[in-house]
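# Reading the structure
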Amino acid sequence: MDWFFIIFSGIILCLLITIGLLILSLSKQGDERNSFIKSKSMSQTFLIMVGFLIIKIGESLYVTFVSGGKVEGINPFIILAVISVVFLISLILNKKKYGDWSAK
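Residues numbered from 1 in each chain as written. Predicted model: local features only at pLDDT ≥ 70, side-chain atom pairs only at ≥ 80, totals over all residues. Heavy atoms only, no water.

### Here's the deal with the layout of surface pockets
There is about 200 Å³ of room inside the second largest pocket. Along the walls of the second largest pocket sit 13 residues, with K56, E59, S60, E72 and I74 positioned nearest its centre. Looking at the lining of the second largest pocket element by element, the count peaks at six residues for helix α2 (residues 32-66). The class makeup of the residues in the lining of the second largest pocket is six nonpolar, three polar and four charged. (1 Å grid on protein atoms, 1.4 Å probe; cavity = no way out; pocket = protein on both sides within 12 Å on 5 of 7 lines; lining within 4 Å. Points joined across faces, edges and corners; volume = space filled by probe spheres on them. Helix = DSSP H or I, 4+ residues; strand = E, 2+ residues; numbered from the N terminus. Nonpolar A, V, L, I, M, F, W, Y, C, P; charged D, E, K, R; others polar.)

### Notes on the packing of aromatic side chains
Applying the stated rule across the entire model yields two aromatic pairs. Between F4 and F8, the ring centres sit 6.2 Å apart and the planes meet at 15°, which makes this aromatic pair stacked. With F4 and F8 both in helix α1 (residues 3-27), this residue pair falls four residues apart, about one helical turn. For F8, a relative accessible area of 45% puts it in the partly exposed group. (Phe/Tyr/Trp six-rings, centres within 6.5 Å; stacked < 30°, edge-to-face > 60°. Buried < 20%, exposed > 50% of the residue type's maximum accessible area, 1.4 Å probe, protein only.)

### Here we look at the packing of α2 against helix α3 (residues 76-97)
Between α2 and α3, the shortest axis-to-axis distance is 9 Å and the interhelical angle comes to 140°. In terms of their interaxial angle, α2 and α3 are classed as oblique. In terms of crossing hand, the pair formed by α2 and α3 is right-handed. Of the residues in α3, those touching α2 at I37, K38, K40, S41, M42, Q44, T45, I48, M49, F52 and L53 are I79, V82, I83, V86, F87, S90, L91, N94 and K95. For the contact of α2 with α3, the per-class residue count stands at twelve nonpolar, five polar and three charged. (Axes fitted to C-alpha atoms, helices over the stretch in contact; angles between N-to-C directions. Parallel < 35°, antiparallel > 145°, perpendicular 65-115°, else oblique. Left-handed = near helix turned anticlockwise from the far one by under 90°. Contact = heavy atoms within 4.5 Å.)

### A closer look at α3
An ideal rise of 1.5 Å per residue puts 32 Å on 22 residues; α3 measures up with 31 Å between its terminal C-alpha atoms. Looking at α3, one finds that the buried residues are I79, A81, S84, V86, F87, S90, L91 and N94. Check the buried side of α3 and you find it contacts α1 and α2. Measuring from the backbone nitrogen of F77 back to the side-chain oxygen at the start of α3 gives 3.1 Å, which picks out N75 as the cap. (Expected span 1.5 Å × (residues − 1). Polar contact = N/O pair within 3.5 Å; in protein donor to acceptor, adjacent residues only side chain to side chain.)

### Side note on the side chain of S84
Within the secondary structure, S84 is located in helix α3. Among the polar contacts listed, one links the side chain of S84 to the backbone oxygen of A81, at a separation of 2.9 Å. Beyond its immediate stretch of four places on either side in the chain, S84 contacts L15, T18, I19 and L22.

### Some remarks on α2
Residues spaced three or four apart along an α-helix face the same direction, because each turn holds 3.6 residues. When the terminal C-alpha atoms of α2 are compared, their 50 Å separation across 35 residues agrees well with the 51 Å that a helix rising 1.5 Å per residue should span. Within α2, burial applies to N34, I37, K38, S41, T45 and M49. Where the residues of α2 are buried, they touch α1 and α3. Downstream of α2 by one or two residues, G68 has phi in the positive range, about 75°.

If you want it as structure tokens, here you go:
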């Protein structure tokens, strides 16, 4: 079997798992501390994604006006995967920081 296909399938599987964890963690109800941790993680993820999109806009402007090239669109699956990975990392760090590190 081709190694590229195996690695690519593994990456896709990991990304689908993180997207599932994102949806699962957002749907859980909890006390005030859990709500605070989730809202803090969501706001950090939002700020990181706004920064990412500003960088992509700058890249698009550079490619269009300076290089004279053509800009392709952003793949929505890639954006969703980046959001889910950033949210998962932010959620783990905030749970460690605010003392709610449990496997709920």
